[in-house]
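Coordinate inspection notes
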Amino acid sequence: MPHIPLDENLPGITGLLNYRQDTALPIRQLTQILLRGGSTLTEGERELIATVTSQGNQCKFCTAAHSAAADAYYGENTTTDMVKHDPENAPVSAKMKHLLEIARRVQADARTVSDDLVAKARGEGATDMEIHDTVLIAALFCLYNKYVDGLASVTPAEPEFYDRLAGILKNKGYMPSPDRYAGLNETQ
């Protein structure tokens, strides 16, 4: 049960963003820039950064939502599953493995993002912008994770909900839009 009254049809972050739209807008804008704006990292790679950060924070809603979004971009779920549970053998580039480790470090204790880890990422081709954006995406998702869990937002259990949400995130991005969540809670 959420700590504040939220639209019961909008679980997780969706209800929180709807609750206070004036604060939601700048957060959504930043998320849109970081996850869907111009970047040398693919949308799927950026969703993986959001996923591992959320997983590290044990935020079930955000982990499920961004795992599903990454899966939608990759067209399969093996990559996301391995990034979460077997990162050393995950089918992502060495550069991405280092960036994901940077994200994990930001999530756990940002002070542990070392010069050596950044040098390893650069050695595999990571640009300063990619390193910057990885840190900022991880920091942003720490905010989201604590927002969702701190207000005890509802976390649906059924995977189909997250697949529908992933479709919205992939097709509409992160900015508000008319009827944005129409069909979110529909059963197939």
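First, a word on scope: everything that follows refers to the structure included in this document. Computed from a predicted structure; not experimentally measured.

With that settled, consider the nonpolar core. F61, L99, L100, Y144 and L165 are the most contacted members of the largest nonpolar core, which totals 50 residues. Counting residues per element, the ones that place at least two in this core are α1 (13-19), α2 (21-36), α3 (43-56), α4 (60-74), α6 (94-109), α7 (115-123), α8 (128-150) and α9 (159-172). It is α8 that contributes the most residues to this core, seven residues altogether. Residue contacts for Y144: discarding those within four places in its chain leaves I13, L17, I27, R28, T31 and C62.

What follows concerns the packing of aromatic side chains. Counting across every chain of the model gives four aromatic pairs. Aromatic side chains F61 and F161 sit 6.3 Å apart centroid to centroid with 55 degrees between the ring planes, which places their arrangement in the tilted category. Of this pair, F61 sits in helix α4 while F161 is found in helix α9, placing the two residues 100 residues apart along the sequence. Taking the relative accessible area as the measure of exposure, F61 reaches 1% and is therefore buried.

Scoring rules and cut-offs
- Starting from 1, residues in each chain are numbered consecutively following that chain's sequence as written.
- Reporting of local features is limited, given that this is a predicted model, to residues whose pLDDT is at least 70; pairs of side-chain atoms are given and counted only at 80 or more, and all residues count toward the totals for whole chains, interfaces and linings.
- With hydrogens and water excluded, all non-hydrogen atoms of the structure serve as input to the side-chain values.
- Take the buried Ala, Val, Leu, Ile, Met, Phe, Trp, Tyr and Cys residues and link them wherever side-chain atoms come within 4.5 Å; each set so joined is a nonpolar core.
- Buried, partly exposed and exposed residues are distinguished by accessible area as a fraction of the type maximum, computed with a 1.4 Å probe on protein chains only: under 20%, between the cut-offs, and over 50%, respectively.
- For helices the rule is a DSSP run of H or I covering at least 4 residues; for strands it is a run of E covering at least 2, with both sets numbered from the N terminus onward.
- Every residue pair with non-hydrogen atoms within 4.5 Å of one another is taken to be in contact.
- Centres within 6.5 Å are what make two rings of Phe, Tyr or Trp a pair, Trp counting through its six-membered ring; a difference in plane orientation under 30 degrees is then read as stacked, over 60 as edge-to-face, and the rest as tilted.

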